[in-house]
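Descriptive structure summary
Next come the chains, spelled out residue by residue.
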Amino acid sequence: MDLEPREPDPRFTLANERTFLSWIRTALALIAGGVALAELGSRVGPPGVRITLSIAPIVSGAVLSVLAFFHWRSCQRALRTGESLPPPRFAIGLTALVFAAGATLTVSLLVRG
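Residues numbered from 1 in each chain as written. Predicted model: local features only at pLDDT ≥ 70, side-chain atom pairs only at ≥ 80, totals over all residues. Heavy atoms only, no water.

**Structural notes on the confidence of the model for the protein chain**
Heads up, the condition is: A score between 0 and 100, pLDDT records how confident the predictor is in each residue. Strands here are runs of E lasting at least two residues and helices are runs of H or I lasting at least four, both read from the DSSP assignment and numbered beginning at the N terminus.
Mean pLDDT over the protein chain stands at 88; residues scoring 70 or higher make up 96%. No element of the protein chain has a lower mean pLDDT than helix 3 (residues 91-112), which averages 85, and none a higher one than helix 1 (residues 10-40), which averages 93.

**So, the packing of helix 2 (residues 47-81) against helix 3**
For any two helices packed against each other, one specifies the inter-axial angle together with the distance between the axes. The condition is simple: Working convention: axes come from line fits to C-alpha atoms, limited for helices to the stretch in contact. Angles between N-to-C directions cover 0 to 180 degrees. When describing relative orientation, an angle under 35 degrees is termed roughly parallel and one over 145 degrees roughly antiparallel, while 65 to 115 degrees is termed roughly perpendicular and anything else oblique. Note on convention: the crossing is left-handed when the near helix lies turned anticlockwise from the far helix by less than a right angle, right-handed when the turn is clockwise. Here, residues are in contact when the closest pair of their heavy atoms is within 4.5 Å. Side-chain classes follow a simple rule in which Ala, Val, Leu, Ile, Met, Phe, Trp, Tyr, Cys and Pro form the nonpolar group, Asp, Glu, Lys and Arg form the charged group, and the remainder, Gly included, forms the polar group.
At a closest axis distance of 11 Å, the pairing of helix 2 and helix 3 adopts a crossing angle of 165 degrees. By the angle between their axes, helix 2 is roughly antiparallel relative to helix 3. As for how helix 2 packs across helix 3, the hand of that crossing is left-handed. Two secondary-structure elements touch here, helix 2 through Leu 53, Ala 56, Ser 60 and Leu 64 and helix 3 through Leu 94, Leu 97, Thr 104 and Leu 105. Its residues assigned to classes, the contact of helix 2 with helix 3 comprises six nonpolar, two polar and no charged.

**Thoughts on the packing of helix 1 against helix 2**
Closest axis-to-axis distance for the helix 1/helix 2 pair is 7 Å, and the angle between their directions is 170 degrees. One finds that helix 1 runs roughly antiparallel with respect to helix 2. Partitioning the contact of helix 1 with helix 2 into residue classes produces 20 nonpolar, nine polar and two charged.

**Overview of the environment of Phe 90**
In this fold, Phe 90 is placed in the loop between helix 2 and helix 3. For the pair Phe 90 and Leu 64, spaced 26 residues apart in the sequence, the C-alpha separation amounts to 7.8 Å. What Phe 90 contacts, discounting residues up to four positions off in sequence, is Trp 23, Leu 64, Leu 67, Ala 68 and His 71.

**As for the nonpolar core**
Put simply, the rule reads: Within this scheme, the nonpolar core is defined by two criteria: the residues are buried Ala, Val, Leu, Ile, Met, Phe, Trp, Tyr or Cys, and they are joined through side-chain atoms within 4.5 Å. The buried label applies to any residue whose accessible area, calculated with a 1.4 Å probe on protein chains only, is under 20% of its type's maximum; exposed applies above 50%, and partly exposed to all values in between.
Trp 23, Ala 27, Leu 30, Leu 64, Ala 68, Phe 90 and Leu 94 together form the largest nonpolar core, which totals seven residues. Of all the elements in the fold, those that place two or more residues in this core are helix 1 and helix 2. In terms of residue count, helix 1 provides more of this core than any other element does, three residues in total. In contact with Ala 68, other than residues within four places in its own chain, are Phe 20, Trp 23, Ile 24 and Phe 90.

Shown next, in the form of structure tokens:
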């Protein structure tokens, strides 16, 4: 394993950038979904429940954007030094959040009719 930094193939650098931008789009979608739920989700439940369900994706989107940057940077470092690429450690948490939000909203809408 060569730890001396070198310029990686531009295709890999650009693929890493596209992945980063995909995570950023996901973060923006989470934030937009949280804002939409807070403003338009009157059928979801009482205001406290709606605000709680709205805050979770907004905060998660903000955190995801920071984690995406650190993941991009660690991948870029690995590409330059010839190390193995790190796995996206935050993917399981994001998956769990989206599943929990979807299940909670589905139950809430079914109960409210």
